[in-house]
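Take a look at the letters that make up each chain.
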Amino acid sequence: MNLLPTITTVDVQEQAPRVAVLPIGSYEQHGGHLPLITDTAIACVIARGLAAAYPVLALPPISIACSHEHGTWPGTVSISARTLHLVITDVAESLEASGIRKLVLVNAHGGNYVLSNIVQEANLTEPRMSLFPQGREWDRAREQAGLVSNAHDDMHAGEIETSILLHAEPSFVRPGYESADHDSGERPFLLTLGMKAYTDSGVIGFPSYATAEKGKAVLASLTASFEDHLTALGEA
């Protein structure tokens, strides 16, 4: 799988897109069966599908973001929320200079909370930015793909993430996911205590339920849901 777009400036000139999609992931632990780049890979897979289905410009990803809840695991790297805010603002301003005034943030890491604030600020005077996928779209994708678990219980390195990578890039999934399930129960102090208070393995979810077929169906559902965001931006 090529995570980076390979189009040329001539391609962009001919396509004349009015909307860009920016994949945003993370570089953080995903147990022993998924790579540190999991969220970034998933964001790129989603963005690639959107660019194939809609007249949007897929950008290269932001691959290190806000993963502080995973910070004590080896390999995890984070930037601050304020840095992520500045980077995205700079990207949006640069796009506008080249004639693309609207941007969709394709986020695949739940800890990037600041993205909601960035989108709110960008839309103060007119619809300029959207955040995708949102919770309702992930829930719809789970239902349509026949996933066994729900979003709360399958939070990290579980059924949905493993399924997407089994479909899109199976070489990223290492043996052992079949026996890596972990039910953490409620997590009332996740922001205070971090992931290690609720899992020893780094997994919160049920990767044993994952299949490539589910991953394919999840991505198809998300791609269909994206049209609503173009409508909200006035670009349907």
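Just above sits the structure.
The residue count restarts for each chain, going from 1 along the sequence in the order it is written. At least 70 in pLDDT is required for a residue's local features to be given in this predicted model, at least 80 for side-chain atom pairs to be given and counted, and no such filter applies to totals for whole chains, interfaces and linings, which use all residues. Computation of side-chain values: all heavy atoms of the structure, hydrogens and water removed.

## Notes on the nonpolar core
The tendency in soluble globular proteins is for nonpolar side chains to be buried side by side. The condition is simple: Residues enter a nonpolar core if they are buried and are Ala, Val, Leu, Ile, Met, Phe, Trp, Tyr or Cys, with the set joined through side-chain atoms within 4.5 Å. Remark: exposure states derive from per-residue accessible area (1.4 Å probe, protein chains only) relative to the maximum for the residue type, with buried under 20%, exposed over 50%, and partly exposed in between. A helix here means a DSSP run of H or I that spans at least four residues, while a strand means a run of E at least two residues long, and both kinds are numbered starting from the N terminus. Any two residues whose heavy atoms approach within 4.5 Å at even a single point are treated as in contact.
Judged by nonpolar contacts, the single largest core of 37 residues is most densely connected at Val21, Ile46, Leu50, Val56, Val104, Val218 and Phe226. Put simply, the parts of the chain that give this core at least two residues each are β1 (19-24), α2 (38-53), β2 (56-58), β3 (102-107), α5 (135-145), α6 (159-168) and α8 (212-225). With seven residues, the top contributor of residues to this core is α2. Once residues lying within four places of it in the same chain are set aside, the contact partners of valine 104 are Val19, Ala20, Val21, Leu22, Ser130, Phe132, Phe226 and Leu233. Among the nonpolar cores identified, the runner-up in size contains 21 residues, and Ala20, Ala65, Ile88 and Leu95 belong to it.

## Focus on the packing of aromatic side chains
Put simply, the rule reads: By convention, a stacked pair of Phe, Tyr or Trp rings (six-membered ring in the case of Trp) has centres within 6.5 Å and planes under 30 degrees apart, an edge-to-face pair has planes over 60 apart, and any other such pair is tilted. Distance and angle both matter: a charge sits over a ring if NZ of Lys or CZ of Arg is within 6 Å of the ring centre and within 35 degrees of the ring normal.
Applying the stated criterion to the full structure yields three aromatic pairs. Taking the centre distance of 5.2 Å and the plane angle of 75° together, the rings of phenylalanine 132 and phenylalanine 226 count as edge-to-face. Placement of the pair is phenylalanine 132 in strand β4 (residues 129-132) and phenylalanine 226 in the loop between α8 and α9 (227-232), with a sequence separation of 94 residues. This pair shows no difference in class: phenylalanine 132 is buried, exactly as phenylalanine 226 is. What links up through ring pairs into an aromatic cluster is the set Tyr54, Phe132 and Phe226. Cation over ring: lysine 196 sits above tryptophan 73, and NZ or CZ is 5.0 Å from the ring centre.

## Digging into a nonpolar patch on the surface
Put simply, the rule is: Without a salt bridge and with relative accessible area above 30%, a residue can belong to a patch; like charges are then joined within 9 Å and nonpolar side chains (Val, Leu, Ile, Met, Phe, Trp, Tyr) within 5 Å. Accessible surface is estimated by sampling points in the Shrake-Rupley manner with a 1.4 Å probe; for residues, cover comes only from the protein chains shown. The salt bridge definition used is simple: a Lys or Arg side-chain nitrogen within 4 Å of an Asp or Glu carboxyl oxygen.
A cluster of nonpolar side chains, contributed by Tyr27, Ile64 and Val77, occupies part of the molecular surface with about 210 Å² of accessible area. Structurally, the position occupied by isoleucine 64 is in the loop between β2 and α3 (81-97). The exposure class assigned to isoleucine 64 is partly exposed, which follows from its relative accessible area of 32%.

## Considering the packing of α6 against α8
So the rule is basically this: Under this scheme, a helix contributes an axis fitted over its contacting stretch, all axes are lines through C-alpha atoms, and angles between N-to-C directions fall in the 0 to 180 degree range. An angle counts as roughly parallel when it lies under 35 degrees, as roughly antiparallel when it exceeds 145, as roughly perpendicular when it falls between 65 and 115, and as oblique in every other case. Three residue categories are used. Nonpolar comprises Ala, Val, Leu, Ile, Met, Phe, Trp, Tyr, Cys and Pro, charged comprises Asp, Glu, Lys and Arg, and polar comprises the others, including Gly.
Where α6 contacts α8, the axes come no closer than 7 Å and their chain directions differ by 95°. Here α6 is positioned roughly perpendicular relative to α8, judged by the angle of their axes. For the pair α6 and α8, contact is made by Glu159, Ile160, Ser163, Ile164, Leu166 and His167 and by Ala212, Lys214, Gly215, Lys216, Val218 and Leu219, respectively. The residue makeup of the contact of α6 with α8, split by class, is six nonpolar, three polar and three charged.

## A closer look at the state of the cysteines
Applied cut-off: In this description, the term disulfide denotes a pair of cysteine sulfurs within 2.5 Å.
Under the counting rule described, the total for this entry stands at zero disulfides. Free cysteine: cysteine 44, not disulfide-bonded; nearest cysteine sulfur from cysteine 66 at 17 Å.

## Examining the pattern of salt bridges
Scanning the model with the defined rule gives eight salt bridges in all. Measuring nitrogen to oxygen at the nearest pair gives 2.7 Å for the salt bridge that ties arginine 18 to glutamate 235. With a gap of 217 residues between them, arginine 18 in the loop between α1 (9-15) and β1 and glutamate 235 in the segment after α9 connect regions that are remote in the sequence. You can call arginine 18 exposed: its relative accessible area is 54%. Salt-bridge contacts for lysine 102 lead to glutamate 235; the nearest nitrogen and oxygen are separated by 3.2 Å. Linking lysine 102 in strand β3 with glutamate 235 in the segment after α9, this pair joins segments that are 133 residues apart in sequence. Using a relative accessible area of 15% as the deciding quantity, one classes glutamate 235 as buried. Through salt bridges that share partners, Glu96, Arg101, Glu126 and Arg128 make up one connected network.

Interpretation note: all reported values are geometric properties and have no functional meaning in isolation.
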